[in-house]
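# Structural overview for review
Spelled out from the first residue to the last, the chains are:
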Amino acid sequence: MLLPDPHIIADSAQIAAGLKHPELKQALYDEGAVIMADTLLTLHGERHRKRRILEFGVFRKDFFHWYEQTVFPATLTRSMTGDVAAGRTELVDLGYRVTMNLTADFAGIDRPAQSTSETAELLRLVEIFSQGATIIHSTRPKDEVREEVRAAIADFEPRFLAPSVARRRELLAQHAAGKITDADLPRDVLTVILQKGDPEEFTPEVLTREIGFYLQAGAHSTANSTIHAFHDIYTWAEQDPARKERLREDRVFFQRCVHESLRLHPASPVAWREAMCPIHLDGAGDVATGDTIEFRLAEANRDKTLFGEDADIFNPERVVSLPTLPFGHTFGTGVHTCLGRDLDGGVVPRGNVDPETHQYGTITLFLRDLFARGARQDTDALPQRATNTERPNWGHYPVIFNKEHAWA
Ligand code: HEM
């Protein structure tokens, strides 16, 4: 199917208003129904609102804080042990391994073996799900992709989903019998659905797709954003030793650097919507039923009137004023705003914050860990861009851990 020419909106304020319009529904994923049908991202109106409220419970700030302080450091250490011992790593591979575990924690998929091969297997399946979700852009025969997705679902369901469901049902039964408390239940999307979701809404097929969607929603975006941020921050810091010192001493400033990089490299450069009835939109004019609108998030993120004449370059010193966020529209806006925003990006500091209690976001934590271990570009094997996508992502990014550069 060829997409009709969309209306284009690239102005930041018009994007913010347009993505809140109640008569615009998610576009792009109809062709990928095999994995995206009835998932949170594709629902509209009341069904979307109900589902989002249900699942939002997992994404509350108090939980992120606890997750940052306890679970994530352990996940990081476990994922990096082999790389640190070897004195080197490849950031794309490491980034995917870490973020796959992070996303699985939130989706509610157990990895009982906690092994590299188990993570790799999950990643392989999630990669196929993603190809199904973005099938509209695929240059391959679409039925072939759909067949692969069905096979991946058939593999994922008994291997990862069913045991995770069984363990949670058992815990929920103990909880219902008063044997364990709320604190003993896993805090993830799967548990919330099994405990409070409407069984008629969450048929086994819908449950599989919803959890599959969560796995892909977090993994690619976080991994790619982390590598972009490493590159931007590393390159910037190499120009002046004082910058390195500042990165080490000032955690809040480090987070500012991550936000600046997120602004420059949004994982989704555009968001698409379809009009449910004739409407008028600032920036697009009159829009007919069925028309599509392309919201250009990446372009708006480089708007010189908002970010200054040097908007195209990495400059963490720039001052960004409300209502513009330091990472622009990278996490979307309106009813479909990313639920993982504060998890990955942390809380945007307002004025002075207490560095001890501030929530920095997992990307900042991951990168600080790498810098603290003396991570440096490998000068014998320079980073390469990805060749399997039109997006300017990194495909291969070798890094060495140099003890002389490690933070004591
Ligand atoms: C740097 C990392 C990330 C970026 C740049 C990102 C970006 C986005 C964007 C732009 C949207 C909105 C799409 C639209 O309006 O059409 C979105 C939605 C969403 N994201 Fe993220 N995301 C990231 C990480 C995550 C993580 C880690 C999770 C979960 C653990 C997550 C969960 C979601 C969910 C559930 C939605 C759908 C919300 C809804 O439809 O109501 N994201 N994300």
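My aim in this report is to walk through the structure given alongside it, one point at a time. (Residues numbered from 1 in each chain as written. Predicted model: local features only at pLDDT ≥ 70, side-chain atom pairs only at ≥ 80, totals over all residues. Heavy atoms only, no water.)

## Brief notes about the packing of helix 6 (residues 116-133) against helix 7 (residues 142-176)
Packing of helix 6 against helix 7 brings their axes to within 9 Å, and their N-to-C directions diverge by 145°. Viewed along their axes, helix 6 and helix 7 form a crossing whose handedness is left-handed. Together, Glu-118, Glu-121, Leu-122, Arg-124, Leu-125, Ile-128, Phe-129, Gln-131 and Gly-132 of helix 6 and Val-145, Glu-148, Val-149, Ala-152, Ile-153, Asp-155, Phe-156, Arg-159 and Phe-160 of helix 7 make up the contact between the two elements. Within the contact of helix 6 with helix 7, the residues separate by chemical class into 10 nonpolar, 2 polar and 6 charged. (Axes fitted to C-alpha atoms, helices over the stretch in contact; angles between N-to-C directions. Helix = DSSP H or I, 4+ residues; strand = E, 2+ residues; numbered from the N terminus. Left-handed = near helix turned anticlockwise from the far one by under 90°. Contact = heavy atoms within 4.5 Å. Nonpolar A, V, L, I, M, F, W, Y, C, P; charged D, E, K, R; others polar.)

## Section: the site of the ligand
Surrounding the ligand, one finds 26 residues, the nearest of these being His-48, Arg-52, Arg-273, His-336 and Cys-338. Between the ligand and Arg-52 there is a distance of 2.7 Å, counted from an oxygen atom to a side-chain nitrogen or oxygen. For the shell around the ligand, the secondary structure elements donating two or more residues are helix 3 (45-56) and helix 9 (204-238). Each residue belonging to the shell around the ligand can be placed in one class, and the counts come to 12 nonpolar, 11 polar and 3 charged. (Near = heavy atom within 4 Å. Polar contact = N/O pair within 3.5 Å; in protein donor to acceptor, adjacent residues only side chain to side chain.)

## Some details on the packing of helix 9 against helix 10 (residues 241-249)
Interaxial distance between helix 9 and helix 10 falls to 6 Å at its minimum, and their mutual angle equals 130°. Classed by the angle they form, the pair helix 9 and helix 10 counts as oblique. Counted together, Ile-233, Trp-236, Ala-237 and Glu-238 of helix 9 and Arg-243, Lys-244 and Leu-247 of helix 10 form the full contact between these two elements. (Parallel < 35°, antiparallel > 145°, perpendicular 65-115°, else oblique.)

## Here's the deal with the layout of surface pockets
Roughly 720 Å³ of volume is contained in the second largest pocket. If you go around the second largest pocket, you meet 30 residues; those closest to its centre are Phe-63, Leu-185, Pro-186, Arg-187 and Asp-188. Counting residues per element, the ones that place at least two in the lining of the second largest pocket are helix 4 (61-86), helix 5 (91-107), helix 7 and helix 8 (189-196). Counting residues per element, the lining of the second largest pocket draws most heavily on helix 4, which supplies 7 residues. When its residues are assigned to classes, the lining of the second largest pocket shows 14 nonpolar, 6 polar and 10 charged. (1 Å grid on protein atoms, 1.4 Å probe; cavity = no way out; pocket = protein on both sides within 12 Å on 5 of 7 lines; lining within 4 Å. Points joined across faces, edges and corners; volume = space filled by probe spheres on them.)

From the geometry alone we can't say anything about function, so treat these as descriptive.
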